[in-house]
Amino acid sequence: MSFSQEIINWYHPNKRDLPWRHTTDPYIIWLSEIILQQTRVEQGLPYFYRFVEQYPNIATFAAAEEGEILRLWQGLGYYSRARNMHKAAKMVMDNHDGIFPTTYDSLIKLNGIGGYTAAAIASFSANEAKPVLDGNVFRVLSRYFGIEEAINTPKGKKLFYELALEMLDKEQPAIYNQSIMEFGALQCKPQNPDCQICPLRTSCYAKQTNKVNSLPVKIKGRISKDRYFYYFVIMDEKSGSIAIRKRGPKDIWENMYEFPLIEQAAPLSISELKNTKEFNELFGRGAELHIISTPKKHILSHQNIYATFLEVSKISKDSNKKGEWDYVLLKDLDTLAKPKLIFAFLRDYNLQ
DNA sequence: AATCCGGGGCG
DNA sequence: CGCCCAGGATT
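Definitions and cut-offs
- Residues numbered from 1 in each chain as written.
- Chains lettered and ligands numbered in written order.
- Predicted model: local features only at pLDDT ≥ 70, side-chain atom pairs only at ≥ 80, totals over all residues.
- Heavy atoms only, no water.
- UniProt positions renumbered as here; feature names shortened; annotations may be inferred.
- Near = heavy atom within 4 Å.
- Polar contact = N/O pair within 3.5 Å; in protein donor to acceptor, adjacent residues only side chain to side chain.
- Helix = DSSP H or I, 4+ residues; strand = E, 2+ residues; numbered from the N terminus.
- Nonpolar A, V, L, I, M, F, W, Y, C, P; charged D, E, K, R; others polar.
- Pairing = 2+ DSSP bridges.

Named according to an unreviewed UniProt entry, chain A is Adenine DNA glycosylase originating from Olivibacter domesticus. Check the Function (unreviewed entry) section of the UniProt entry for chain A; it says "Adenine glycosylase active on G-A mispairs. MutY also corrects error-prone DNA synthesis past GO lesions which are due to the oxidatively damaged form of guanine: 7,8-dihydro-8-oxoguanine (8-oxo-dGTP)." Recorded in UniProt for chain A, the comment headed Catalytic activity (unreviewed entry) runs: "Hydrolyzes free adenine bases from 7,8-dihydro-8-oxoguanine:adenine mismatched double-stranded DNA, leaving an apurinic site."

If you want it as structure tokens, here you go:
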């Protein structure tokens, strides 16, 4: 039996019952595919339900404010996905008459949709014969066929794409694409796959040559930078407000909310912090500082953030000249999209 | 071609 | 701690 047929035969009795597998609505499939980018099914599932309920169709999604979408996305990470979805939704309303496209060539032009997602939506919603190429597919193909070319180089991606296209069952691309991804997720897992029960074990190159743990090949990487954030909690007791700022572009957490901060490349003591030019510009010389929490390590894909939260009082009257922050009522804080680091702090210190 | 962009789970 | 996850955009 062919590789493709074996994969499909494995799928039917072993597949998970996932909500986006009960529809061919490209909008619903789009929601699920963007949520699942670099995200495990179990982590994305609750977000998928919330988005479908809040925005049941493309029109309601496009009509929402970006901040509202970001707030619903809060905690899931890679927030450019949410911002790009909003742009894509508006593009569908403006350029496609509100009808979500189902062809690969139309989909690939939408913000946040690349080769993988375009192939996924086109095949799942309209059975277009385009192969998906995600982490699961790279792994299954490299192991089964013994491809030692790195999966994260242009040369490797081209090689794997050609193989993926060759293996694609053109008669049933939707089922085949689902099958090979599910096979990678459940059977041909990254770590410690149980090859003894794999239906492909006798013809699998990696299994037969004992290379399961060394495939796929991936060029290393990921040097993490250390950043030290000193967050200032400024309460206005009379109005029940707290100081908040919105992050700008070209850095992490674009358009999300946090406290006023001073960032350093190296750790500082509290007295050193008070003597910085930045501190004086923000608060003036008479301001008082009290540590709320010791440095908390927050790990992102390319950086380690060490965040210290400090309470500031007795700030001078002419502080905040540059409008670094706004005051927001504590009761309204929940409506703003905040990174995990911030909303976890608010929760832990009962400010929310 | 390389780097950036989150957060979580697992061994 | 390092690796990986239904990747894509930017430089």
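Next comes the rest of the write-up.
## Some thoughts on the protein's contact with DNA strand C
Around DNA strand C there are 25 residues in total, and Q38, R40, T117, D134 and R139 lie nearest to it. G112 places a main-chain nitrogen or oxygen 2.9 Å from a phosphate oxygen of DNA strand C. Y116 places a polar main-chain atom, nitrogen or oxygen, 3.2 Å from a phosphate oxygen of DNA strand C. Every element with two or more residues in the surface near DNA strand C is listed here: α8 (115-126), α9 (135-145) and α11 (173-186).

## Structural notes on the protein's contact with DNA strand B
Surveying the vicinity of DNA strand B reveals 21 residues, the closest of which are Y78, Y79, P154, H298 and Q303. Within the backbone of W253, one N or O atom sits 3.0 Å away from a phosphate oxygen of DNA strand B. A distance of 2.7 Å separates a phosphate oxygen of DNA strand B from a polar side-chain atom of Q303. Tallied by class, residues from the surface near DNA strand B come to 8 nonpolar, 9 polar and 4 charged.

## Regarding the pairing of strand β6 (residues 288-299)
Both β6 and strand β7 (residues 303-313) contribute to a ladder of 9 bridges, which runs antiparallel. Its bridge partner being in β7, S293 is matched across the sheet by F309. The antiparallel pairing of β6 with β7 creates a hairpin that spans 3 residues between the two strands.

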